[in-house]
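So the chains spell out like this:
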Amino acid sequence: MVVPRHSLLVLLGTALLLATFASFAHGAAVMSVDLGSEWMKVGVVSPGVPMEIALNKESKRKTPSTIAFRNGDRVFGEDAQTLGVRFPANSFAYLIDLLGKTIDNPMVELYRKRFPYYDIVEDPKRKTVVFRAGEEQFTIEELIAQLLQVAKVYAEDSTSQTITECVLIVPGFFGQAERTALVSAARLANLKVLQLINDYTAVALNYGIFRRKEINETAQYFLFYDMGAYKTSAAVVSYQLVKDKATRETHPVVQVLGVGYDRTLGGLEMQIRLRDFLGQEFNKLGKTKTDVFSNPRAMAKLFKEAGRLKNVLSANTEHYAQIEGLLDEQDFRLLVTREQFEKLCSDLYDRVTAPLDKALAGAGLALDVINQVVLFGGNTRVPKMQDILRAHIGQELAKNINADEAACMGAVYRAADLATGFKVKKFITKDAVLFPIQVVFDREGDSGALRQVRRTLFGAMNSYPQKKVITFNKHTDDFEFTVQYAELESVLGKNANTLGSTDLARVKLSEVAKKLKANTAADNVESKGIKAHFVLDDSGIFSLANVELVLEKTLTKGEEEEDGDESTFQKIGNTISKLFSGDADDKPTATTESKSTAGGDSESESPEEAEPAKGEETADKGAAKEKEKGTGETTTKDAKSETNGTVTGDEAAKNATAKPKIVTLKETIPSKVELTYLAPLDGESYEASAKRLSALDAVDNAKKRRETALNALESFVIDAQVKLDEEEYASCGTPEEIETIRKRCSELSDWLYEDGADADAETYEKKLEELRGVANEVYARHWEHNERPDALDALKQMINGSEAFLRNAKNFTKDVNPEKDVFTVVEIETLEKAIRNTIEWRDTEVAEQEKQPRNVAVRLTVKDITDRMAMLDREVKYLVNKLKLWRPKVKPTKPPKPEKTTSTEADGDSSSDSKESAEEVLEQTPVKEEQEEPVVGDGGSDKTEETVETIDPTATKKDKVAAEGDHTEL
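It should be emphasised that the depicted structure is a prediction, and the values quoted were computed from it without experimental measurement.

Peer 1: Is there a simple way to explain the overall build of the protein chain in this structure?
Peer 2: When its secondary structure is counted, the protein chain shows 26 helices and 32 strands. Here the protein chain, with 970 residues, has 44% of them falling under the buried criterion. Long-range contacts, defined here as pairs at least 24 residues apart, represent 72% of the contacts in the protein chain between residues at least 6 apart. Element-wise, carbon and sulfur atoms account for 50% of the exposed surface of the protein chain, whose accessible area totals about 51200 Å².

Rendered as structure tokens:
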């Protein structure tokens, strides 16, 4: 059959687009991990698949954040919880809040009090938490890394792609130590962290992306309240449409305005109190002389039952606590009412509203301007807690988001936005600084004595990511300064010590005097101080970007002319460089620095940073027009370009009073940054941790390989025994072959349950290969007999299609259609012969195959049939391609006749000229209809016929998809 040329082109283009997208989509998936104290949720997004929650191996949407070790085996989730009831000291849970903390931190002491059966020791080098289980020891980063590895496995199983990038959710009150420790744990898990996002920010983002149409230019305020297992937090956020000053595009922006939290108020504390209550009630019964609190296994059983009882009492007024064999084989059964439970937690309920009030105070807003109070977190389902909040705010609580998965889904949207393989609708997030950061340095006063000076860099509730610059203009020699937390007493109150060390970093600057001396030797060069550039990135992690010496040089007249000649070419070169590098807006300025956002705002120095009087060190505010281009690079200030031509008297007067040209020079100052809040997991410590995790992975992989090999061998044995009892398979083997297979299966079945029970993976794989070698011949014959009818049907359809194409192709030969002589006689005869030979071969082979029994070697195989189909397909495709590339031949036009000079000849030949013109038009008409060949005009130049193109919206949309094929629209 004839295939239209345009249809072939569409098919080829579609195939190319799909192939390109498929190659790009490989490995483009990203994930988010909500690693909570009690539960872990994993969100994934991959090309062509919407955002979703990855299921674990039990097909559940959340997994307990628990890991356990026993006899060299490592288990996670529910298996780890089950093992933890029998061996509590070997099962580790509620780990996330131990990150980045030294052994003497109050939160570590609280953890020890809640779970006394854990053996927690100090890391000798880093002073951090180390869990000891028998002869094995694990740092807190190693345990968290293993949980992230499990999350990665769930995500990869869900997407069938390799995942290396993620966004991790953290509590908003995590400081620098906790955040860097989590990044180190992710690095141990071979994951690249795109961003650490605060839990309330992720929930607010998820809430906003599904209500985008409700957001406008007027700010709308919401309060998100979370009570999880370990902590309680509240955050006031605003939603607003903001126009980007650079791109002039309008995007929705969610900004955190105020935050309040209580890091010890949560479901875990309620569960601990209920556990202790049940233990006291059991001791009162006097069933045994042993104190239940002295037995770790009994305490683990009580803790598990307390968790179940807490959840049931949220929906029921009373319920029985039941534990079989709690202690000394004594059972325990007790009726507990909701009233008793609420009495146990009465002081906790008094703290429920405090985070909400603190968030409102930080935002400077009253409750009456809050549109809704939205609940998320598992323990917001407790009825008593909801009653307290409802009475406090005087309105109904919003429960219109998934309390468990909202944060994870918001984070995976952010992951898709940050990853390179996706294109999402822009939704800007602006987080807020909880713990202010300041710079502290010594400065010589007027009396010559040193005094300590403090300058705030990032104040409380300042939005981030952002960059700041501070200038030291009194120092002429090497010096150092420290970076610290500021005003923690006002932020944390009595719990300031839970954050750990208040010192963050010590920065030492060198070669200051050398650089000053080398650059200020000339009289026309003046030092403007040393600028230190600081960054608070979108993960909330602080760092020092660079330090530089800034000088101003006053140019002489000759230097001005030279600089003027060079500046033009410099500007052209810089413009071209920026055009191709795309970093015109990414480089920090010499003064206040900011990261570009949709709102187009730039973080300026706060009032306490800017004290320009008396030459003190200030946070720069005045030189906003300087452009940083590297060491020794210059920028011109207050210079007017000179114009060529005549200068009038007024202009001469103006030139006489013109200011001298000043350029800015920048010289990099070497700096050494030493982190002081916690020794990072780096160097030998990191290598040792990575080696331990690799060893555990090797053990798990060996165990998984053995289980897979054993299951495969057992399945093959059972499957073979069942199949050989069926006539369909038994008829494909000789009696000797059937007997051999049955005997071998019987032997292997006995061996598996006796000597082979403890065999290794290699032995199982070898046994399976031997059995397959015996049985595969019978299985192969069965497959051939079973698949042959379908293959013959496909061959028949190809023959019918080829015959139809042949009939149409005969109409495109020179003998039948001289104007469209696409095919030659030889090509038609070749295809006709191929079809005839294929039909004859098929009929002969089918007849011979039907004469043979099913248990002998197959004569007509499926491969033989497919080879014939391929041969016939090549012949047809050759002719189809020739039809696609064929172009009609253009008949040459007659040259125009010379004009007649006499009127008589012109009158006499008018009729003949008109006939010839008509003939020329008739000859050119097919060319115009085809619109494929150039038409020679009167002037002798080639001109293409002008056509009117109809814009097809569908085609435009397809083109757009093809152009943006490396993105997935969410």
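We are not done yet, so read on.
Peer 1: When you look at helix 13 (residues 406-418) in this model, what are you seeing that I'm missing?
Peer 2: Because the α-helix completes a turn every 3.6 residues, residues three or four places apart line up on one side. Here helix 13 is 13 residues long and its end C-alpha atoms lie 19 Å apart, about the 18 Å a rise of 1.5 Å per residue gives. Counting buried positions along helix 13 gives 12 out of 13 residues, so the element sits mostly inside the fold. Among all positions of helix 13, only Ala 406, Ala 407, Cys 408, Met 409, Gly 410, Ala 411, Val 412, Tyr 413, Arg 414, Ala 415, Ala 416 and Asp 417 are buried.

Peer 1: Can you help me understand the packing of aromatic side chains in this one?
Peer 2: The relation between two aromatic rings is expressed through the spacing of the ring centres and the mutual angle of the planes. The tally for this structure, following the rule as stated, stands at 34 aromatic pairs. For the pair Tyr 117 and Tyr 118, a centre-to-centre distance of 5.1 Å together with 65 degrees between the ring planes defines the contact as edge-to-face. Like Tyr 118, Tyr 117 is buried. Taken together through their ring pairs, the aromatic side chains of Phe 69, Phe 92, Tyr 94, Tyr 111, Phe 115, Tyr 117, Tyr 118, Phe 131, Phe 138 and Phe 303 make up a single cluster. The ring of Tyr 686 is capped by Arg 187, whose NZ or CZ atom sits 4.0 Å from the centre of that ring. When the ring centre of Tyr 779 is taken as origin, the NZ or CZ atom of Lys 723, which lies over that ring, is 5.0 Å away.

Peer 1: Could you clarify how one ought to interpret the sheet that holds strand 7 (residues 91-92) in this entry?
Peer 2: Remark on secondary structure: sheet strands pair via backbone hydrogen bonds, oriented parallel or antiparallel. Reading across from one edge, 6-5-7 is the order of the 3 strands in this open sheet, with antiparallel pairing throughout. A strand with exactly one partner marks an edge of an open sheet, and here the two such strands are strand 6 (73-76) and strand 7. Running at roughly 115 degrees to strand 6, helix 2 (residues 77-86) makes contact with strand 5 (67-70), strand 6 and strand 7 of the sheet.

Peer 1: Looking at this structure, I do not really get the pattern of salt bridges. What am I missing?
Peer 2: What the rule picks out here adds up to 49 salt bridges. Here Asp 404 makes a salt bridge to Lys 62, at a shortest N to O gap of 3.8 Å. Taken together, the positions of Asp 404 in the loop between helix 12 (383-393) and helix 13 and Lys 62 in the loop between strand 3 (49-53) and strand 4 (63-64) put the pair 342 residues apart, joining distant regions of the chain. Accessibility expressed as a relative area gives 19% for Asp 404, which makes it buried. Note on Lys 62: relative accessible area 28%, which makes it partly exposed. Across the pair Arg 744 and Glu 770 runs a salt bridge whose closest N-O atoms are separated by 3.0 Å. You can see Arg 744 sitting in helix 20 (residues 735-752) and its partner Glu 770 sitting in helix 21 (residues 761-809), a full 26 residues away along the chain. What emerges from the salt-bridge pattern is a single network uniting Asp 97, Lys 101, Glu 178 and Arg 263.

Peer 1: How should I be thinking about the packing of helix 6 (residues 199-209) against helix 13 in this particular structure?
Peer 2: Each packed pair of helices is defined by two parameters, the angle between the axes and the distance between the axes. Look at helix 6 against helix 13: their axes get within 7 Å of each other, and the N-to-C directions meet at 80 degrees. If you check the angle between helix 6 and helix 13, you find them roughly perpendicular. Here Asp 199, Ala 202, Val 203, Leu 205, Asn 206 and Ile 209 of helix 6 come into contact with helix 13, specifically with Ala 406, Ala 407, Met 409, Gly 410, Ala 411, Tyr 413 and Arg 414. Looking at side-chain class alone, the contact of helix 6 with helix 13 contains 9 nonpolar, 2 polar and 2 charged residues.

Peer 1: Teacher, can you tell me more about helix 11 (residues 354-363) here?
Peer 2: Every buried residue of helix 11 is accounted for by Pro 355, Leu 356, Ala 359, Leu 360 and Ala 363. The buried side chains of helix 11 occupy one side of the element, clustering within an arc of 135 degrees when seen end-on. Among the structural elements, strand 13 (220-227), strand 14 (232-243), strand 15 (250-262), strand 18 (370-376) and helix 12 are those in contact with the buried residues of helix 11. A positive backbone phi angle near 70 degrees is found at Gly 364, which sits one or two residues after helix 11.

Peer 1: Explain the pairing of strand 15 here, please?
Peer 2: The two faces of a sheet get side chains in turn, since along a regular strand they alternate between them. Burial within strand 15 is extensive, with 10 of its 13 residues counted as buried. Where strand 14 meets strand 15, 12 bridges bridge the pair, whose relative direction is antiparallel. Considered in strand 15, the bridge of Ala 235 is made with Val 259. Taking the residues between adjacent antiparallel strands as the criterion, strand 14 and strand 15 are bridged by 6 residues, where Arg 248 takes a positive phi near 65 degrees.

Peer 1: I'm lost on the pairing of strand 5 in this one. Help?
Peer 2: Summarising the sheet, strand 5 and strand 6 pair through 4 bridges and their orientation is antiparallel. Considered in strand 6, the bridge of Ala 68 is made with Val 75. Counting the residues between successive antiparallel strands, the hairpin from strand 5 to strand 6 contains 2 residues, one of them, Asn 71, with a positive phi of roughly 55 degrees.

Peer 1: Can you walk me through the nonpolar core in this structure?
Peer 2: For soluble globular proteins, the rule of thumb is that nonpolar side chains tend to be buried together. Counting residues in hydrophobic clusters, the biggest one holds 193 residues, and the most contacted among them are Phe 131, Ile 144, Tyr 225, Phe 481 and Phe 534. For this core, the leading source of residues is helix 4 (residues 140-159), giving 10 residues. Formed by 24 residues, the second largest nonpolar core is a distinct cluster that contains Ala 809, Leu 831, Leu 879 and Leu 883.

Peer 1: Mind showing me how you'd approach the side chain of Thr 498 here?
Peer 2: Tracing the sequence through the fold places Thr 498 in the loop between helix 14 (488-492) and strand 25 (503-509). In this structure, Thr 498 is in contact with Lys 101, Asn 105, Pro 106, Met 107 and Arg 263, ignoring residues within four places of it in sequence.

Peer 1: Explain the sheet that holds strand 30 (residues 671-675) to me, please; I cannot follow it from the model alone.
Peer 2: What the 5 strands build is an open sheet, ordered 21-20-24-25-30; its pairing is antiparallel. Only two strands of the sheet have a single partner each, and these edge strands are strand 21 (450-458) and strand 30. Mean inter-strand twist for the sheet, computed between neighbouring axes without regard to direction, equals 25 degrees. Relative to strand 24 (residues 479-485), strand 20 (residues 437-444) runs antiparallel, the two sharing 4 bridges. Looking at strand 24, one finds that Ile 437 is bridged to Tyr 485.

How each quantity is defined
- Residues numbered from 1 in each chain as written.
- Predicted model: local features only at pLDDT ≥ 70, side-chain atom pairs only at ≥ 80, totals over all residues.
- Heavy atoms only, no water.
- Helix = DSSP H or I, 4+ residues; strand = E, 2+ residues; numbered from the N terminus.
- Buried < 20%, exposed > 50% of the residue type's maximum accessible area, 1.4 Å probe, protein only.
- Contact = heavy atoms within 4.5 Å.
- Areas by Shrake-Rupley, 256 points an atom, 1.4 Å probe, with all protein chains shown as cover.
- Expected span 1.5 Å × (residues − 1).
- Phe/Tyr/Trp six-rings, centres within 6.5 Å; stacked < 30°, edge-to-face > 60°.
- Lys NZ or Arg CZ within 6 Å of the ring centre and 35° of its normal.
- Pairing = 2+ DSSP bridges.
- Axes fitted to C-alpha atoms, helices over the stretch in contact; angles between N-to-C directions.
- Salt bridge = Lys/Arg side-chain N within 4 Å of Asp/Glu carboxyl O.
- Parallel < 35°, antiparallel > 145°, perpendicular 65-115°, else oblique.
- Nonpolar A, V, L, I, M, F, W, Y, C, P; charged D, E, K, R; others polar.
- Arc of directions from axis to C-beta.
- Core = buried A, V, L, I, M, F, W, Y, C linked by side-chain atoms within 4.5 Å.

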